[in-house]
Amino acid sequence: MVKKISRRHTNYTTVYLSLTTEQAKKLREAAKKAVTSESEALRRMLDAYLAEVNKRGLPSEPYGKMRFLGYEERVVPRTIRREQDSRLREVSEQSGRSLSELVREAVERCSAE
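Thresholds applied
- Residues numbered from 1 in each chain as written.
- Predicted model: local features only at pLDDT ≥ 70, side-chain atom pairs only at ≥ 80, totals over all residues.
- Heavy atoms only, no water.
- Helix = DSSP H or I, 4+ residues; strand = E, 2+ residues; numbered from the N terminus.
- Polar contact = N/O pair within 3.5 Å; in protein donor to acceptor, adjacent residues only side chain to side chain.
- Buried < 20%, exposed > 50% of the residue type's maximum accessible area, 1.4 Å probe, protein only.
- Contact = heavy atoms within 4.5 Å.
- Expected span 1.5 Å × (residues − 1).
- Arc of directions from axis to C-beta.
- pLDDT = per-residue confidence, 0-100.
- Salt bridge = Lys/Arg side-chain N within 4 Å of Asp/Glu carboxyl O.

Caption draft 1: Structural detail: the environment of Glu101. Examined against the element boundaries, Glu101 turns out to sit in helix H4 (residues 99–112). For the pair Glu101 and Leu19, spaced 82 residues apart in the sequence, the C-alpha separation amounts to 8.9 Å. A polar side-chain atom of Glu101 sits 2.8 Å from the main-chain amide nitrogen of Ser98.

As structure tokens, this is what we get:
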């Protein structure tokens, strides 16, 4: 359930993701470098990732069950735009990957650039 605070926040929703310590660090560094919040850095990464998915197509195969050692946090809440959420869910359904898998891939790809 999304708690609406004001009209300017109605276009956003909170998603709960699992990130490894390394990926959380990359997200934090990207936010620090851009002088913005981690949520805004994630939104930019997702924009780039979803544009790439639109260009090259869906991820070909699911990662499967991955066991990560060293989660920074078990669940990491981040705020993304509603259209990003719906597009991620659509890609997730079509590809068989979880939202967390897609976000982990987005963080990896965008932090490598």
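Caption draft 2: Quick peek at the environment of Ala31. Turning to its location among the elements, Ala31 is positioned in helix H1 (residues 21–34). Look at Ala31 and you get buried, because its relative accessible area is 3%. Expressed as a C-alpha distance, the spacing of Ala31 and Ala41, which sit 10 residues apart in the sequence, is 5.1 Å. Setting aside its immediate chain neighbours within four residues, Ala31 contacts Thr36, Ser37, Glu38 and Ala41.

Caption draft 3: Helix H3 (residues 82–95), seen in detail. Taking 1.5 Å per residue, 14 residues should reach 20 Å; H3 reaches 20 Å between its end C-alpha atoms and fits that length. Looking only at H3, the buried set comprises Gln84, Asp85, Arg87, Leu88, Val91, Ser92 and Ser95. The arc enclosing the buried residues of H3, seen along the axis, measures out at 170°, which places them on a common side. Once H3 finishes, Gly96 follows within two positions and takes phi at roughly 85°, a positive value.

Caption draft 4: Main features of the confidence of the model for the protein chain. In the predicted model, the protein chain carries a mean pLDDT of 80, and the fraction of residues at 70 or more is 76%. Overall, residues 1–5 carries pLDDT values under 50, and its contacts beyond four positions in sequence, including any with other chains, amount to 5 contacts.

Caption draft 5: Structural view of the pattern of salt bridges. Tallying each qualifying case throughout the model produces 13 salt bridges. For Glu52, the salt bridge is made with Arg109, and the minimal N-O distance between the two is 2.4 Å. With Glu52 in helix H2 (residues 38–56) and Arg109 in helix H4, this residue pair connects regions lying 57 residues apart in the sequence.

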